[in-house]
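Below are the chains, spelled out letter by letter.
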Amino acid sequence: MTAATIQGKTGPWEMVIGLEVHAQVVAKAKLFSGAAADFGAEPNSQVSLVDAAMPGMLPVINAYCIEQAVKTGLGIAGAINRRSIFDRKNYFYADLPAGYQISQYSDPIVGRGAVTIDLPGGVSKVIGVTRLHLEQDAGKSLHDRHPTLTFVDLNRSGVALMEIVSEPDMRAPEEAALYLTKLRSILRYLGTCDGNMEEGSMRCDVNVSVRRPGEDLGTRCEVKNVNSIRYVRQAIEHEAGRQIAILEAGGGIDQETRLWDPVKGETRSMRSKEEAHDYRYFPDPDLLPLVLCEAEVARIEGSMPELPDAKKARFVAAYDLSAYDAGVLVADRETADFYEGVARGRDAKLAANWVAGDFFAFLNKSGKALAEAPVDAGRLGGLIDLIGDGTLSGRLAKEVFEAMWESRESALQVVERLGLKQISDTGAIEAAIDAVMARESGKVAEYRSGKEKLFGFFVGQVMRATAGKANPALVNDLLKRKLGG
Amino acid sequence: MAIDKATVAKVAALARMRVPEAELDALTGELGQIISWVEQLAEVDTTGVEPMTSVVAVDLPRRPDAVTDGGYCEKVLANAPQGMAGFFAVPKVIE
Amino acid sequence: MANLTGLSIAEALDGLARREFSAGELVQAHVAAMAAARPLNAYITETPERAIEGAKAADARRARGEALPLDGIPLAIKDLYCTEGVPTTAASHILDGFKPPYESTVTANLWRAGAVMLGKTNLDEFAMGSSNTTSYYGAARNPWRRTGDNRPLVPGGSSGGSAAAVAARIALGATGTDTGGSIRQPGAFCGIVGMKPTYGRCSRWGIVAFASSLDQAGPMTRSVRDAAIMLRHMAGHDPKDSTSVPRPVPDYAAALTGDIRGLRVGIPTEYRVDGMSDEVTALWRQGIAWLEAAGAKTREISLPHTKYALPTYYIIAPAEASSNLARYDGVRYGLRVPGGNLREMYDNTRGEGFGAEVRRRILIGTYVLSAGYYDAYYLKAGRVRSLIARDFASAFETVDAILTPTAPTPAFAIGEKSDDPIAMYLNDVFTVPASLAGLPAISVPGGLTRDGLPLGLHLIGRAFDEETVLRAAGVLETAASFTAEPQGRWSP
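Residues numbered from 1 in each chain as written. Chains lettered and ligands numbered in written order. Predicted model: local features only at pLDDT ≥ 70, side-chain atom pairs only at ≥ 80, totals over all residues. Heavy atoms only, no water.

Caption draft 1: Broad picture of the interface of chain B and chain C. Contacts between the two partners involve 49 residues from chain B, matched on the other side by 64 residues from chain C. In this assembly, chain B packs against chain C so that about 5100 Å² is buried in total across both faces, 69% of it on carbon and sulfur atoms. If you look at where chain B meets chain C, you find three salt bridges. In this structure, the salt-bridge partner of Glu30(B) is Arg360(C), at a minimum N-O distance of 2.4 Å. Across the contact surface, chain B and chain C share 20 residue pairs in polar contact (both at pLDDT 80 or more). Listing elements by their share of the side of chain B that touches chain C, those giving two or more residues are α1 (5–14), α2 (21–38) and β3 (87–91) of chain B. Sort the elements by how many residues they give to the side of chain B that touches chain C and α2(B) lands first, with nine residues. The residue inventory of the side of chain B that touches chain C, partitioned by class, reads 33 nonpolar, seven polar and nine charged. (Contact = heavy atoms within 4.5 Å. Buried area = accessible area lost by both parts, 1.4 Å probe. Salt bridge = Lys/Arg side-chain N within 4 Å of Asp/Glu carboxyl O. Polar contact = N/O pair within 3.5 Å; in protein donor to acceptor, adjacent residues only side chain to side chain. Helix = DSSP H or I, 4+ residues; strand = E, 2+ residues; numbered from the N terminus. Nonpolar A, V, L, I, M, F, W, Y, C, P; charged D, E, K, R; others polar.)

Caption draft 2: Quick peek at the packing of helix α5 (residues 308–319) of chain A against helix α7 (residues 333–343) of chain A. All names here are of chain A. Axis separation between α5 and α7 bottoms out at 12 Å; the angle between their running directions is 15°. Classified by the angle their axes make, α5 and α7 are roughly parallel. Seen from above, α5 lies across α7 with left-handed handedness. Contacts from Lys-311, Arg-314, Phe-315 and Tyr-319 of α5 reach α7 at Ala-336, Asp-337, Tyr-339, Glu-340 and Ala-343. Taken together, the residues of the contact of α5 with α7 break down into five nonpolar, no polar and four charged. (Axes fitted to C-alpha atoms, helices over the stretch in contact; angles between N-to-C directions. Parallel < 35°, antiparallel > 145°, perpendicular 65-115°, else oblique. Left-handed = near helix turned anticlockwise from the far one by under 90°.)

Caption draft 3: Fine view of the side chain of Asn79(B). Looking at where Asn79(B) falls in the secondary structure, it is placed in the loop between α3 (73–77) and β2 (83–84). With relative accessibility at 12%, the residue Asn79(B) sits in the buried group. There is a polar contact of 2.9 Å between the side chain of Asn79(B) and the backbone oxygen of Lys99(C). Contacts of Asn79(B), omitting those with residues within four sequence positions, involve Met54(A), Gly97(C), Phe98(C), Lys99(C), Pro101(C), Arg332(C), Tyr333(C) and Gly334(C). (Buried < 20%, exposed > 50% of the residue type's maximum accessible area, 1.4 Å probe, protein only.)

Caption draft 4: Just the interface of chain A and chain C, in detail. Taken together, the 31 residues of chain A in the interface contact 39 residues of chain C. For the pair chain A and chain C, the two sides together bury roughly 2800 Å², of which 58% comes from carbon and sulfur. For the chain A face of the interface with chain C, the top three residues by lost area are Pro55(A), Leu58(A) and Phe92(A), together amounting to 22%. Our enumeration of links across chain A and chain C arrives at one salt bridge.

Caption draft 5: Highlighting the side chain of Glu256(A). All names here are of chain A. Residue position: Glu-256 is located in the loop between α3 (229–248) and β14 (257–261). For Glu-256, a relative accessible area of 14% translates into the label buried. Engagement of the side chain of Glu-256 in a polar contact is seen with the side chain of Arg-258, the distance being 2.5 Å.

Caption draft 6: Structural view of the sheet that holds strand β6 (residues 100–103) of chain A. Residues and elements named next belong to chain A. The strand order across the open sheet formed by three strands is β6-β5-β16, and the pairing between neighbours is antiparallel. Bordering the open sheet on either side are β6 and β16 (282–283), each of which pairs with just one other strand. By the bridge criterion, two bridges tie strand β5 (residues 87–90) to β16 in an arrangement that is antiparallel. Within the sheet, the bridge partner assigned to Asp-87 lies in β16 and is Pro-283. (Pairing = 2+ DSSP bridges.)

Caption draft 7: Highlighting the pairing of strand β10 (residues 149–153) of chain A. Along β10(A), five of the five residues are buried, which leaves the element largely enclosed by surrounding structure. Hairpin connection from strand β9 (residues 140–142) of chain A to β10(A): six residues lie between these consecutive antiparallel strands. Bridge count for β10(A) against β3(B) is four bridges, and the pairing is antiparallel. For Val152(A), the partnering residue across the bridge sits in β3(B) and is Phe88(B).

Caption draft 8: Quick peek at the domain arrangement of chain A. Residues and elements named next belong to chain A. Splitting chain A by domain gives domain 1 (5–300), domain 2 (306–418) and domain 3 (426–483). Computed from C-alpha coordinates alone, the two centres of domain 1 and domain 2 are separated by 37 Å. Between domain 1 and domain 2, the contact holds eight residues from the first and eleven residues from the second. When domain 1 packs against domain 2, close to 730 Å² is buried across both sides, 55% of that on carbon and sulfur atoms. Here domain 1 and domain 2 share two salt bridges between them. Where Lys-182 meets Asp-309, a salt bridge forms, and the shortest distance between an N and an O atom there is 2.5 Å. Our count for the contact surface shared by domain 1 and domain 2 stands at five residue pairs in polar contact (both at pLDDT 80 or more). Secondary structure elements with two or more residues in the side of domain 1 that touches domain 2: β7 (113–119) and α2 (173–190). Broken down by element, the residue count for the side of domain 1 that touches domain 2 peaks at five residues, all from α2. Class assignment for the residues of the side of domain 1 that touches domain 2 results in three nonpolar, three polar and two charged. (Domains from an automatic or database assignment.)

Caption draft 9: Layout of the pattern of salt bridges. All chains considered together, the criterion is met by 61 salt bridges over all chains. In this structure, the salt-bridge partner of Glu239(A) is Arg258(A), at a minimum N-O distance of 3.4 Å. Separated by 19 residues along the polypeptide, Glu239(A) in helix α3 and Arg258(A) in strand β14 bring together distant segments of the chain. In terms of burial, Glu239(A) and Arg258(A) fall into one category: buried. Ionic pairing is found between Arg38(C) and Glu46(C), a salt bridge with its closest N-O pair at 2.7 Å. Through salt bridges with shared partners, a single network forms among Arg88(A), Asp284(A), Asp286(A), Arg204(C) and Asp241(C).

Caption draft 10: The arrangement of the packing of aromatic side chains in detail. Residues and elements named next belong to chain A. Tallying each qualifying case throughout the model produces 39 aromatic pairs over all chains. Judged by centre distance (5.8 Å) and plane angle (50°), the rings of Phe-401 and Trp-405 are tilted. Of this pair, Phe-401 and Trp-405 both sit in helix α10 (residues 394–407), four residues apart, which is roughly one turn of that helix. The class for Phe-401 is buried, based on a relative accessible area of 1%. Overall, the relative accessible area of 9% leaves Trp-405 in the buried class. (Phe/Tyr/Trp six-rings, centres within 6.5 Å; stacked < 30°, edge-to-face > 60°.)

Caption draft 11: Main features of the nonpolar core. Ranked by internal contacts, the top residues of the largest apolar core, which has 215 residues, are Ile73(C), Phe126(C), Phe392(C) and Leu403(C). Here this core gets ten residues from one element, more than from any other, and that element is helix α12 (residues 375–395) of chain C. With near-sequence residues (within four places) excluded, Leu403(C) lies in contact with Val265(C), Gly266(C), Ile267(C), Pro268(C), Trp284(C), Gly287(C), Ile288(C), Leu291(C), Leu457(C), His458(C), Leu459(C) and Leu476(C). Counting residues in each nonpolar core, the second largest holds 115 residues, with Trp13(A), Ile109(A), Leu370(A) and Val400(A) among its members. (Core = buried A, V, L, I, M, F, W, Y, C linked by side-chain atoms within 4.5 Å.)

Caption draft 12: Inspection of the packing of helix α1 (residues 9–17) of chain C against helix α7 (residues 224–234) of chain C at higher detail. Residue and element names in this part refer to chain C. Viewed as axis vectors pointing N to C, α1 and α7 meet at an angle of 75°, and their least axial separation amounts to 8 Å. Relative to α7, the element α1 is oriented roughly perpendicular. Residues Ile-9, Ala-10 and Leu-13 of α1 touch α7, and the partners they reach there are Arg-225, Asp-226, Ile-229 and Met-230. Of the residues contributing to the contact of α1 with α7, the split by class is five nonpolar, no polar and two charged.

Caption draft 13: Inspection of the sheet that holds strand β11 (residues 454–461) of chain C at higher detail. Residues and elements named next belong to chain C. Sheet architecture is open: eleven strands sit in the order β1-β3-β2-β4-β6-β5-β10-β11-β9-β7-β8, paired in mixed fashion. Only two strands of the sheet have a single neighbouring strand rather than two, namely β1 (43–46) and β8 (297–301). Within this sheet the neighbouring strands show an average axis-to-axis angle of 30°, counted without direction. Alignment of strand β10 (residues 441–448) against β11, held across seven bridges, turns out to be antiparallel. Its bridge partner lying in β11, Gly-447 is registered against Leu-455.

In structure tokens form, the structure reads like this:
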């Protein structure tokens, strides 16, 4: 955890951070046209005449995108605006075919909301959300395909985005990372954005300024193109450092847009900033105000899944988990569902240990997605059942789990195939103990004369004699009794 | 609000239109005349009047989320002044 | 055989139905007339082969007893409507070579009803003008001349080519578009009927946009009945246009009963403006008398914000246009003038591609939307627009229609007003208010000036009440019995 203040040469500084997240709405078609919104198609193959801004083409809004934005708004405790307006944001760029982007300016679909982040040490912090609005994505310019030309692909042109703007409430790179992680988790729970930063379906611009603790806000810079959570941390760290260095050298910060260069690990001024932008926003006369009725918002509210914060609270209460464990398990909906599949009707704590422990260790090592794991929730539950009824010791269970991962068999099948069933037959264990005591009579005498440390040695010998299958609790009991003589 | 040549040049730049220097004076005069003519609106009392942005008194119509369009790259590119390999092409942009 | 180019659409449909002539003959006659009238410069693109093909198909359908409602009717289409595979220019250099791979909804509706296209008509560049002199393809000419004066006159604008074509009998009817009077004013200047329906009645999909909150398609014809017939096959809800209104389209021709007894007609005091000619005033008075003679009750009404309609329009229309025309950038279609980089390419393409009037309006529109001016201009204009719409709403509490002149003057000579943009804008003083309020309105020829030029009377109705407007227009038409025709001197 980065401290709330950072030490410069001339004293402490505080970072002030706000995030603008562009989240691609999960939908089949684009925001204002019927072209597909999929990722990775052949250039210009998912472009309608509307997306290419051919003369006389008109936008018609996708109903589902409205629903998705409302759902997201409710998911971040946002105020749903019953009347919102689509505006044109006018600027020229090769991949902006109409010369304007349809966006929402003064009347967004969602007003103030909040996202709660969990800081280490069990402290949580509320990060304010200023607004969420719907807008179109631009196309893509490819600058590296030709020595003198830029190529333009309009497949993304018109794809629905939600821009989610936070308040400047974050004070450390780690808080920004936690906010972004939490927001992504909420979006994924809702199914309104897949949160895939590599494919660009979630993108982030970071606003950073620094100030002396307690003073007024400093001049901020907007850092664009920060497209992973790791880069968010690095970009903030670098940008704050850059600003502090300038201020400490007696300079001033220019309010500007900067670009994150992930290769060099630094932010740089954008070269194409010849003039100040003047977007000339005005209501799009091709569209009418978007009016949401109470019943519609209520219906969407009724379809909301349980969100991470509520789920975490329930896990803590119902399964008696620590806040930390619960937090880990609810980070994404699949994991939480998986966990509940394992824990239902079983020892919830043991289930949490297995899911967060061995299971995730194997999953991460295999690089597989949860849905592709060779051990599903039912099988993992079966394994825990065998531990519970004494069939398997913890140590054997690990062995069984490893075999299950390899063979995709159930725990019972593995136990039977490998004959790993725990020995709980008192007679067999007593026989093994007797044999060990006979062989190690000297040690028995030492133990009995007070060298009780040797108890572990005897346990080991008995376990070895039974190939590890003896029920450890029984071994303990019987050994104590026999050695005690 | 008087419009000067610099304003006209700035607005022309914003609109991405080259205006020959020779035309700038005449254009400044014309625009100035038009702008001062429309400024008579200032005398209308519009206190409490909502601006009219649309004439139509219906709800914003919505389209179902279905892929019904696209898939005709050749149509999209048919009129392009310069195209290559399925892309539109423009002079190289340096960001 | 009758003079086929002199028929109305209604007469032509009757003649076709009675097999007095074929669609092929009807179209052939128009193709020949169109070629002979080229000096009018009414068409930018002629499509005779397409028209002849269409006529053949229409005749075949009729022979099978499957005739469509407008089967074989040759129409002229304003070159602002995108027509699949046929160059669509908006009379602008910037759309050089553009062939839309799609058909506008309104023209598609007409073709579905069997009509055929003779060609694409001239207009003011991007429909910005009232004289058809801003066209990149040269001015269209009014087929009318002043008595004893051979100077060519403007046909009005922006739908000047459509008006000239219909008046010169080189199309049975034409489509126009009206943003601030672009159907009605050229209709008046050329002595034909021009109707702007209620905003939202006709789809805007596929029509090159000028000012989206004002643009509306409409018919231009030689009779009110023809306007009713054409409008029925142009109008209709279009799910591709969010501002198109889902209302059934009535049989407008059925509304032409000739019975306006008891109709309450408002005469707005504020439309008596400076610079209006005596002859226009006299015709207006005559129009009032005609309506009263037919049993209507006229009364003086007040539309107090009329004076502010033009300045309001000249903020809103350029603002929307500056944004609508941003797409003409040399990247995806039309003209590209090369430059050293993207920025220069934009500046060159748009600087050379747009003509003077379009550039002027883009600059005005950009200026009024720019930071620091938006509230004082655009937002203010939006508020005044509300007041103008309210004026009409309260007037329509006591009247059913409003009668005014269409334009303050008859057609003027080409070049006459070109040095003063505001003088040119004043042509639309009577037509702009109804556009701002989105109301249906029509211009009907009412008579000739002393020197032989047509003048129009203008009726405005309630939203979506085109029927009342048409009915009253039909009464005016009958009373005026306007039978004059342009002299037919197309030579320069």
